[in-house]
Amino acid sequence: MFTVGLQDFPQQSYYGVFDGHAGMEAAVYASNHLHVHLPACEKFSSDPEAALKCSYKATDDNFIKKAQREVLVFWFYESKKCVFEC
């Protein structure tokens, strides 16, 4: 369980399936970064769906930058599956 900056929020659970169909690098990157972006999203406490979209976008943008630096051609945004339990 991750508690990244969540001390002031009610307990929540996060479940993600990172299947790697867009490439193993994308799956590993997403599994290590998606949850980190969630509490940074403006609507995290009020709108979990919007926060998840924000987190996907931030993770995707950062992965694309990494991929460009490392000449990878894997894409995360179309390979996401996640469930929020609040």
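## Comments concerning the packing of aromatic side chains
Scanning the entire structure with this criterion turns up 1 aromatic pair. Look at Y29 and F63: their rings are 5.2 Å apart centre to centre, the planes differ by 50 degrees, and that puts the pair in the tilted class. Here the residue Y29 occupies a position in helix α1 (residues 24-37), and F63 occupies one in helix α2 (residues 48-70), the gap between them amounting to 34 residues. Look at F63 and you get buried, because its relative accessible area is 0%.

## Re the state of the cysteines
Applying the stated criterion across every chain yields a total of 1 disulfide. Between C41 and C54 runs a disulfide, and the two sulfur atoms are separated by 2.3 Å. Because the sign of the S-S torsion sets the handedness, a value of about -90 degrees for the bond joining C41 and C54 places this disulfide among the left-handed ones. Placement of C41 in the loop between α1 and α2 and of C54 in helix α2 is noted, with a sequence separation of 13 residues between them. Look at C41 and you get buried, because its relative accessible area is 6%.

## Remarks on the nonpolar core
Within the largest apolar cluster, 7 residues are counted, these being L34, L38, C41, F44, A51, L52 and Y56. In terms of residue count, the dominant contributor to this core is α2 (3 residues).

## Quick look at the side chain of S55
Topologically, S55 is positioned in helix α2. Ignoring any residue separated from it by four or fewer positions in sequence, one finds S55 in contact with L34, H37, L38 and C41.

## Concerning the environment of A58
In this structure, A58 sits in helix α2. Under the relative-accessibility criterion, A58 is labelled partly exposed at 21%. In this structure the C-alpha to C-alpha distance between A58 and L34, which are 24 residues apart in sequence, comes to 8.1 Å.

Parameters and conventions
- Counting starts from 1 at the beginning of each chain's written sequence and moves along it residue by residue.
- This being a predicted model, a pLDDT of at least 70 is required before a residue's local features are given, and a value of 80 or more before pairs of side-chain atoms are given or counted; all residues contribute to the totals for chains, interfaces and linings.
- Calculation of side-chain values draws on the structure's entire complement of heavy atoms; hydrogens and water are dropped beforehand.
- Two rings belonging to Phe, Tyr or Trp (six-membered ring only in the last case) form a pair when the distance between their centres is within 6.5 Å. Interplanar angles under 30 degrees mark stacking, angles over 60 mark edge-to-face geometry, and anything in between is tilted.
- Helix and strand labels come from DSSP, where a helix needs a run of H or I of at least four residues and a strand needs a run of E of at least two; each type is numbered from the N terminus.
- Buried means the residue's accessible area, taken with a 1.4 Å probe over protein chains only, is under 20% of the maximum for its type, while exposed means over 50%, and partly exposed covers the values in between.
- For the purposes of this analysis, a disulfide is any pair of cysteine sulfur atoms at a distance within 2.5 Å.
- Residues grouped as a nonpolar core are buried Ala, Val, Leu, Ile, Met, Phe, Trp, Tyr and Cys residues, joined through side-chain atoms within 4.5 Å.
- Throughout, a residue-residue contact means that at least one pair of heavy atoms, one from each residue, lies within 4.5 Å.

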